[in-house]
Amino acid sequence: MKHILWGLAVGILLVSVGFAQSTAPTKATGLPRIAIAGLGIESSTFSPAVTNEDAFHARYGPEVYNAYPFMMPVSPLRKQAIWLPAIVGKSLPGGAVTREAYESLVNKTLDSLKKYGPYDGLYFDIHGAMSVVGLDDPEGDFLTRIRHVVGYKTLISTSMDLHGNVSWRLAQNSDLITCYRMAPHEDAMQTKERAVVNLLERLKSGKGKPAYKAWIPVPILLPGEKTSTRIEPGKSLYSNVEPIADHGNGIIDAAIWIGYAWADEPRNHAVVMVTGDDKAKVGQAAEKLARDFWTVRNQFGFVAPTGTLEKCLTDALASKKHPFFISDTGDNPTAGGAGDVTWTLTQILARPEFQRADGPSLIYASIPDPELVKKAMAAGVGGSVEGVAGARVDARFAPPVKLKGTVESIVKGDKDAEVEVVVKVGSVHVIVTQKRKPYHKEIDFTRLNLAPRTADIVVVKIGYLEPELYAMQADWIMALTPGGVNQDLARLPYKRIKRPMFPFDTNMKQPDLSAQFVPLSGAAK
Ligand SMILES: [Zn+2]
């Protein structure tokens, strides 16, 4: 039912699209003029993969509304401003973005912003962990260039992923800034909506820019798999954010960024920010959150038991609990892994237990390889296929894996994968995709005629399990496998992050966690 209503709403929205931007806004309406722009990706600089422009699936002009359920024509928010959407692009995590792709998307955004100005406000929708080849702090660069076009009077509200990084210049050029309060990010859309609501409220009330923005760098760098808000200490730490942010007494918003661990820049570390009009309250709230974070730093552990792949497989085979999930964490495409590392699948297929078709059933999600997909399509469902797959981008840990088996299904049309095939090798159902795709939902499997609930073992390239998979697992171990997002951070060759940094440097002194007030956008640094 929900889906039908949603379909209708999208239909209405698409019909209205043609009119949205051509209704020339005038000052007479009294409504604020608000632009929307942003690019979202987290990209690992420890992966040989690169990300091109098409990976962002950029939405232009009125198509941008489709990214936000709260911006549907029927929504109250939509009626409160003259919206002037420029470009919003969101890519799956990956390797560093090419300079060409970045410049192209930024320049298209700036051209659009030049066309439809002036603006009272701008909603800046970013992830915050984009790496671009040869450029530091891309989001800070992007927003600085936006400021050169829209000017410094425009109120800019930035929303981010809590795994993003907040540089000083990103903080300065943003007037309002916030991030998710949940990992997994079940509050992603709520956070974006809050950023828009706060922007509108400041514009409509005439209060404008918040008088104070407190920024505190916290010298901690941890992987997302240790900082889920489902468990302690992340749970309690993040539960303090909303009460601080939303009591409306001089504080507008508060946020804690864990930061992104698989890039190597000075901005990669945790940050706390609080915005508002009451200097003392803003500063004290930020200092409390930063202090709380530092105090619990030693309590962060992996969200599930971890082990070598060998141990995980042995435990899963011996267990009575099924489906037994194993996260293949090192090449997690939703953290920035290339997604085509074959090391884990190679080890699985070599195990004697899985050689026979009637052995313990294991679903492996997934390995991208366009050539093998082509072969499977030629063979057809039920046909035999033989070839190699993966390791076209990241062959550092294992060569392409040999697959010889029966084609069980062929499904076309997924936005990310484009074509997905299932090849059964021994008792292993291997999902092979044309392009890389994360497998986060039950339907990702059932669409392919796979039954994860009745499988003995399900191995997914993922870190912590997304909610639907988490609800499905009877047991779960995270395998610490090699790849571009190796969870064992101590093994990563950091050269440029600030030091000392927890947990890499032992015996760290108490850091200075006093609030630094960021000058208003447009003011001298
Ligand atoms: Zn995230």
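Peer 1: Can you break down the pairing of strand β19 (residues 428-433) residue by residue, with the values?
Peer 2: Every regular strand shows the same layout, with side chains that alternate between the two sheet faces. Along β19, six of the six residues are buried, which leaves the element largely enclosed by surrounding structure. Every second residue of β19 is oriented toward a common face, with Val 428, Val 430 and Val 432 on one face and His 429, Ile 431 and Thr 433 on the other, all of them buried. Sheet analysis places strand β15 (residues 362-368) next to β19, joined by six bridges and oriented parallel. Note that in β19 the partner of Ile 363 across the bridge is His 429. Counting the residues that bridge the hairpin from strand β18 (residues 418-425) to β19 gives two residues, and of these Gly 426 lies at a positive phi of roughly 60°.

Peer 1: I'd like to hear about the nonpolar core, residue by residue, with values.
Peer 2: With 97 residues, the main nonpolar core has Ile 146, Val 166, Val 218 and Phe 445 as its most contacted residues. A per-element tally of this core places helix α8 (residues 279-295) first, with seven residues. Once residues lying within four places of it in the same chain are set aside, the contact partners of Val 218 are His 269, Ala 270, Val 271, Val 272, Ala 290, Phe 293, Trp 294 and Leu 513. Judged by nonpolar contacts, the second largest core, of 32 residues, contains Val 385, Ala 389, Val 428 and Ala 479.

Peer 1: Residue-level account of the coordination of the zinc ion, with values.
Peer 2: The coordination sphere of the zinc ion contains the protein donors Asp 161 (OD), Asp 161 (OD), His 163 (ND1) and His 185 (NE2), at a distance range of 2.1 to 2.5 Å. In this structure, the zinc ion is coordinated by four donor atoms arranged in irregular fashion, with angles at the metal of 55 to 144°. All donor residues of the zinc ion come from one chain, and their arrangement in sequence is D-x1-H-x21-H. Of the two residues, Asp 161 is situated in the loop between β8 (155-160) and α4 (168-173) and His 185 in the loop between β9 (176-179) and α5 (188-204); the sequence distance between them amounts to 24 residues. On the basis of relative accessibility, which here comes to 4%, the residue Asp 161 falls in the buried class.

Peer 1: Quick rundown of the packing of aromatic side chains? Include the residues and the values.
Peer 2: Counted by the stated rule, this structure contains 12 aromatic pairs. Ring geometry for Phe 124 and Phe 142: centres 5.4 Å apart, planes at 70°, overall edge-to-face. Of this pair, Phe 124 sits in strand β7 (residues 121-125) while Phe 142 is found in helix α3 (residues 138-150), placing the two residues 18 residues apart along the sequence. A single burial state applies to Phe 124 and to Phe 142, both of which are buried. Over the face of the ring belonging to Phe 517 we find Lys 279, whose NZ or CZ atom lies 5.0 Å from the ring centre.

Peer 1: Quick one: what's the story with the side chain of Asn 268, residue by residue and with numbers?
Peer 2: Structurally, the position occupied by Asn 268 is in the loop between β11 (251-257) and β12 (270-276). From its side chain, Asn 268 meets the backbone nitrogen of Glu 265 in a polar contact 2.9 Å long. When sequence neighbours within four positions are dropped, the list of residues in contact with Asn 268 reads Asn 165, Leu 221, Tyr 260, Ala 263, Ile 497 and Met 501.

Peer 1: Kindly report on the environment of Met 508, identifying the contributing residues and their values.
Peer 2: Locating Met 508 in the fold gives a position in the loop between β21 (475-479) and β22 (516-517). Here Met 508 falls in the buried class, since its relative accessible area comes to 18%. Linking Met 508 and Pro 85, residues 423 residues apart in sequence, is a C-alpha distance of 46 Å. Setting aside residues no more than four positions away along its own chain, Met 508 makes contact with Pro 219, Trp 294, Pro 500, Met 501 and Phe 502.

Peer 1: Account for the sheet that holds β22, naming residues and giving values.
Peer 2: The four strands lie next to each other as β11-β12-β10-β22, forming an open sheet whose pairing is antiparallel. Edge strands, defined here as strands with exactly one partner in the open sheet, are β11 and β22. By the bridge criterion, two bridges tie strand β10 (residues 212-218) to β22 in an arrangement that is antiparallel. In the sheet register, Trp 215 faces β22, and the bridge partner there is Gln 516. α8 rests against β10, β11, β12 and β22 of the sheet, and its axis sits at about 15° to β10.

Peer 1: Talk me through the pattern of salt bridges; I want residue IDs and the actual numbers.
Peer 2: Oppositely charged side chains can pair when the atoms bearing their charge come close. Using the criterion set out here, one finds 35 salt bridges in the structure. A salt bridge links Asp 136 to Arg 496; the nearest nitrogen and oxygen atoms lie 2.5 Å apart. Remark: Arg 496 occurs in the loop between β21 and β22 and Asp 136 occurs in the loop between β7 and α3; sequence separation between them is 360 residues. We note a salt bridge from Arg 181 to Glu 242, for which the minimum N-O separation is 3.9 Å. Placement of Arg 181 in the loop between β9 and α5 and of Glu 242 in helix α7 (residues 241-245) is noted, with a sequence separation of 61 residues between them. Assessed through its relative accessible area of 43%, Glu 242 is described here as partly exposed.

Peer 1: So what's going on with α8? Which residues, and what values?
Peer 2: Between its first and last C-alpha, α8 extends 24 Å over 17 residues, near the 24 Å set by a 1.5 Å rise per residue. For α8, the complete set of buried residues consists of Val 282, Gly 283, Ala 285, Ala 286, Leu 289, Ala 290, Phe 293 and Trp 294. End-on view of α8: buried residues confined to an arc of 165°, all on one side of the axis. For α8, the exposed residues lying more than 90 degrees away from the buried face are Gln 284 and Thr 295. Its buried side turned inward, α8 meets β10, α6 (234-239), α7, β11, β12 and β22. The N-cap of α8, judged by a side-chain oxygen 3.2 Å from the amide nitrogen of Ala 280 a few residues on, is Asp 278.

Definitions and cut-offs
- Residues numbered from 1 in each chain as written.
- Predicted model: local features only at pLDDT ≥ 70, side-chain atom pairs only at ≥ 80, totals over all residues.
- Heavy atoms only, no water.
- Buried < 20%, exposed > 50% of the residue type's maximum accessible area, 1.4 Å probe, protein only.
- Helix = DSSP H or I, 4+ residues; strand = E, 2+ residues; numbered from the N terminus.
- Pairing = 2+ DSSP bridges.
- Core = buried A, V, L, I, M, F, W, Y, C linked by side-chain atoms within 4.5 Å.
- Contact = heavy atoms within 4.5 Å.
- Donors = N, O, S within 2.8 Å, 3.2 Å for Na, K, Ca; no water.
- Tetrahedral: all angles 85-135°; square planar, octahedral: opposite > 155°, others 65-115°.
- Phe/Tyr/Trp six-rings, centres within 6.5 Å; stacked < 30°, edge-to-face > 60°.
- Lys NZ or Arg CZ within 6 Å of the ring centre and 35° of its normal.
- Polar contact = N/O pair within 3.5 Å; in protein donor to acceptor, adjacent residues only side chain to side chain.
- Axes fitted to C-alpha atoms, helices over the stretch in contact; angles between N-to-C directions.
- Salt bridge = Lys/Arg side-chain N within 4 Å of Asp/Glu carboxyl O.
- Expected span 1.5 Å × (residues − 1).
- Arc of directions from axis to C-beta.

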